[in-house]
Amino acid sequence: MERVVNRPRPALLSGTLLLVWLVPAAAGAQSEPHAAAPPAPSEMSKLWLVVGGASATLRSECNAPANPDSPHTCGQSPYRHSGSLIADIGYRVHDRMDVGAELFWMPTNTSSGHIRVTHVDAVAQFRPWASQGFFLKGGAGLAFLRNWVDAVGPSSIDQKALSVVVGAGWVFRPADRLGLEIFGMQHAGAIGDVQTSEGPIENVMGNFWSVGAAVVIR
Amino acid sequence: MRRVVGVTFLAVIGGAGAVGAQTAPAAVPDAPRSSLLAEAPDLVSAAVAAGLRQDAVCRGKQQDQQTDQSPDRPSRRACDGCPPRSVGKALLEATFIVNGMAEAANLIRGQVTSHITPKTWWANMKQGWVWDLDEFAVNQIGHPYQGNAYFNSGRANGLSFYESAAVAAFGSGTWEYFGETNYASLNDLINTTLGGAALGEMFHRAGWLVRNTHATGGRRRWSEIGATALDPMTGLNRFLTGDASRVTDKPADFVPMSLNGIFSVGALWRGDNTHAVKSAAEPFLEMDLLYGDAWTGRSRTPYEAFAVRLMFGGGAGFSEARVRGRLLGQPFGGERGQFLVVQAYDYQANDAYHYGAQAFNAQVAWTAGRTSGTYVWLSGWGGLTVLGAVDSLPVDLNTRPTETEPPSSDGPGQGIAEGPRDYDYGPGASLGGFVNLMHGPRTLLGFTYDGRHLYSLSGVRANHFLQRARLDLSVPIHRKLGIGVASEYFSRWTAYQDPNHTVKRYHYPQFRVYFTWSVS
């Protein structure tokens, strides 16, 4: 895993940027009728839908070895950058809180193969101030890791991990049906053991930092 | 009488938190238990008997609360006795007061981890989350107790349960990244946030039991001080804002439908892995508190009903803490059945395993034959464990080591755990159930089963399956006094993911004789 090098995904990144650029235009194009009469919170649907993209950074490492005599040490792997996709679907509890399921998908190409990570989390998003767009987000679930890197072996290996996500951001036009949010999030994937061609690596933890933007539909 | 029960019982609970936070996990404690909710049969039946009558009151109370809790009142108070709502103050208190006190405590103790600088902050942020190597009690009691302070920074400033849980997560995150030189710990984040919400709401409501908002003068002051001992953040805010001397009604949300407790005092005899039972008796004190009526009515107010079990002795100073808080309740079958979603906090130390967890359960309860004086009360539950901890038993050992190695003198410094950690972390699942034969408010015969699975992600790689069963027979002697005997059996099944796929089993019997004293 340590031999893996970064390879940005220009298509995904440009797609993300395009999305970020297009969303305000789309939102703006529909802003007039809402500006005239924004729906009251009680009239809004209970749907909470978020779709967007982010620039993400991944680093995995192992720590806290259970067996101090283990011959295998993994140390710290390099930071790997890539684009990622994010989607939420859920329920608007009230005007300051949404709950639902979140999908975070990040593919990474390396010199020795590629890695795909998918986090599926139950999340809650909370806006402390109803009149402001600032929000906090947290949740937990499962991460699905698919490795095709040489260090793992000749074929892909699929693993599941405990996933935890925390984040914060700002949602523009939170009371409208269509809005935009920018966010920063950190996902952690506690993988456990990774079986490699050189033997198992114990207590592997993946950290994923992401900064991006998304469309919000309510 | 209710306040007397509350004061007595909950002062002990408060003390237990403080004691537990400092408990070293080296001693090998004792004894399995069955479900907390299941193990309060007298309380359960009392609640059933009063169910329909209380339900009407409950619904009226909830409607009042919904009206009262509008956040947009000009006064920022949801009700006259409620604290003024301030999100910013809650976040600031969690960040600077709670974290500041923890940092000061570390500095006074000479902890190396307290030497924080912007460089350590940046290093922590670059590193991301890791598993930490702290002691079992620190992670499973200490961090949830710290989370209770973050959580109650929110509650003290008028935030709801779920909003305060977000404050606990925020406070934990700031502490992990900026409060210590240690890397941010994922297990601390989960234990502090979820454990903090469970303990925090329990302590917050306990504080409101003790607080006498109609009193004045010295009596009022002492009630506020007593409540502050249980819930320091709410007490601090009330003294600072002057609410500690204002005469008001208590917020309706914090007046329980009922309050009951059972004290059990006796002796137990523990077995070992060969089924032999030791001749030496171990004294124990077990306490159950049932706040509110968990078994009837429709509820969407978290912790409107909750149950707490604490056990001292029986082979360890502090051997068990359990909190079960109802997040929602929905009756079915004409009030004979109840569906609940429950948040669970667990800390257990017994001969078979040391276990701690943050979990959520779905539970169904049902009564049969309640038209007669004798009836059957049964329940089943199952759920997910977000993160659990169980002591490691390396595959080449047959018994748990009784002594841990002292830290080396040339270690990285005080406050930095060197490992290896002697317990495993991972997610899992749980299931269980109970059947009780009741006569009026008393349990004549009760059987409880509790099973837990844990998949280790950090530590010795294994699947752990922990089970326990308990059969109780109790007889009333005079009024609130009763006598009982119990036979218990618990086992640990660990399947290691080593090349040989080693499986090890441990099983322990236990017997106890006890007197009970019921209070309500």
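Reading guide: rules and limits
Residues numbered from 1 in each chain as written. Chains lettered and ligands numbered in written order. Predicted model: local features only at pLDDT ≥ 70, side-chain atom pairs only at ≥ 80, totals over all residues. Heavy atoms only, no water. Helix = DSSP H or I, 4+ residues; strand = E, 2+ residues; numbered from the N terminus. Buried < 20%, exposed > 50% of the residue type's maximum accessible area, 1.4 Å probe, protein only. Contact = heavy atoms within 4.5 Å. Buried area = accessible area lost by both parts, 1.4 Å probe. Salt bridge = Lys/Arg side-chain N within 4 Å of Asp/Glu carboxyl O. Polar contact = N/O pair within 3.5 Å; in protein donor to acceptor, adjacent residues only side chain to side chain. Core = buried A, V, L, I, M, F, W, Y, C linked by side-chain atoms within 4.5 Å. Patch = residues over 30% accessible without salt bridge, like charges linked within 9 Å, V, L, I, M, F, W, Y side chains within 5 Å. Areas by Shrake-Rupley, 256 points an atom, 1.4 Å probe, with all protein chains shown as cover. Pairing = 2+ DSSP bridges. Axes fitted to C-alpha atoms, helices over the stretch in contact; angles between N-to-C directions. Expected span 1.5 Å × (residues − 1).

A.B. asks: It is not clear to me how the overall build of chain A should be interpreted in this structure. Could you clarify?
C.D. replies: In terms of helices and strands, chain A carries 2 helices and 8 strands. When burial is assessed residue by residue, chain A has 50% of its 218 residues classed as buried. Taking the intrachain contacts of chain A between residues at least 6 apart in sequence as the baseline, contacts between residues at least 24 apart amount to 67%.

A.B. asks: Can you help me understand the interface of chain B and chain A in this one?
C.D. replies: Think of interface size as the accessible area that goes away when the parts come together; that is how it is often given. With 31 residues of chain B in contact, the opposing surface of chain A contributes 29 residues. Around 2,400 Å² of area is buried between chain B and chain A when both sides are counted, 62% of it from carbon and sulfur atoms. Our count for the chain B to chain A interface comes out at 2 salt bridges. Where D193(A) meets R461(B), a salt bridge forms, and the shortest distance between an N and an O atom there is 2.4 Å. At the junction of chain B and chain A, the tally comes to 9 residue pairs in polar contact (both at pLDDT 80 or more). Counting only elements with at least two residues in the side of chain B that touches chain A, the list comes to α4 (87-108), α5 (118-127), α7 (161-179), α8 (186-210) and β7 (374-391) of chain B.

A.B. asks: Can you help me understand helix α10 (residues 232-241) of chain B in this one?
C.D. replies: Residue pairs spaced three or four apart in an α-helix point in one direction, given the helix's 3.6 residues per turn. Buried within α10(B) we find M233(B), T234(B), G235(B), N237(B) and R238(B). Residues of α10(B) that are buried make contact with α4, α6 (136-155), α8 and α9 (217-230) of chain B.

A.B. asks: I tried to follow the nonpolar core on my own but got confused; where do I start?
C.D. replies: For soluble globular proteins, the rule of thumb is that nonpolar side chains tend to be buried together. Residues W131(B), L186(B), I190(B), Y345(B) and Y347(B) are the most contacted members of the largest nonpolar core, which totals 63 residues. The leading source of residues in this core is α8(B), at 12 residues. Core analysis: the second largest hydrophobic core is formed by 16 residues, C62(A), F104(A), V194(A) and V204(A) among them.

A.B. asks: Explanation requested: the pattern of salt bridges in the structure shown.
C.D. replies: Once their charged atoms are close, side chains differing in charge can pair, the charge on each being opposite to the other. Residue and element names in this part refer to chain B. The final tally for this structure, using the stated rule, is 34 salt bridges over all chains. For D253, the salt bridge is made with R205, and the minimal N-O distance between the two is 3.5 Å. Here the residue D253 occupies a position in the loop between α10 and β1 (259-270), and R205 occupies one in helix α8, the gap between them amounting to 48 residues. Look at D253 and you get buried, because its relative accessible area is 7%.

A.B. asks: What is the right way to read the environment of F161(B) from this model?
C.D. replies: Residue and element names in this part refer to chain B. Relative to the assigned elements, F161 resides in helix α7. By relative accessible area, which is 6% here, F161 ends up buried. Between the C-alpha atom of F161 and that of E201, which follows or precedes it by 40 residues, the distance is 7.4 Å. Setting aside chain neighbours within four positions, we find F161 in contact with F151, R155, A197, E201, P302, Y303, L327 and Q343.

A.B. asks: Can you walk me through a nonpolar patch on the surface in this structure?
C.D. replies: Residue and element names in this part refer to chain B. A grouping of L437, L445, F447, L471, L473, V485 and V513 is seen on the molecular surface, where their side chains present a nonpolar patch of about 540 Å² in accessible area. Every element with two or more residues in the nonpolar patch is listed here: β9 (442-455) and β10 (462-478). Positionally, L445 belongs in strand β9. Look at L445 and you get partly exposed, because its relative accessible area is 37%.

A.B. asks: I'm lost on the sheet that holds strand β4 (residues 318-332) of chain B in this one. Help?
C.D. replies: Across a sheet, paired strands are connected by hydrogen bonds in the backbone, their directions being either parallel or antiparallel. All names here are of chain B. Overall, antiparallel pairing links the 12 strands, which are arranged β1-β2-β3-β4-β5-β6-β7-β8-β9-β10-β11-β12 in a closed barrel. Neighbour to neighbour, the strand axes of the sheet diverge by 20° on average, direction disregarded. Note: β1 against strand β2 (residues 282-291), 10 bridges, orientation antiparallel. The residue bridging L268 from the neighbouring strand is E282, located in β2. In this fold α8 packs onto β1, β2, β3 (306-313), β4, β5 (337-349), β6 (354-368), β7 and β8 (423-439), with an angle of close to 110° to the strand it touches most, β5.

A.B. asks: What am I meant to see in the environment of S245(B) here?
C.D. replies: Residue and element names in this part refer to chain B. The residue S245 is located in the loop between α10 and β1 in this model. According to the relative accessible area criterion, S245 is exposed, its value standing at 57%. Through-space distance from the C-alpha of S245 to that of E224 is 8.7 Å; in sequence the pair is 21 residues apart.

A.B. asks: Can you help me understand α7(B) in this one?
C.D. replies: Over its 19 residues, α7(B) extends 25 Å from the first C-alpha to the last, a length consistent with the 27 Å expected when each residue adds 1.5 Å. Across the 19 residues that make up α7(B), a large majority, 15, are buried.

A.B. asks: Help me understand unusual backbone geometry, please; the structure alone is not making it clear to me.
C.D. replies: All names here are of chain B. Within the chain, Y303 stands out as a residue other than glycine whose phi angle is a positive 65°. Along the chain, the position of Y303 falls in the loop between β2 and β3. One non-glycine residue, H501, adopts positive backbone phi at about 50°. Position of H501 relative to the elements: it lies in the loop between β11 (481-496) and β12 (503-519).

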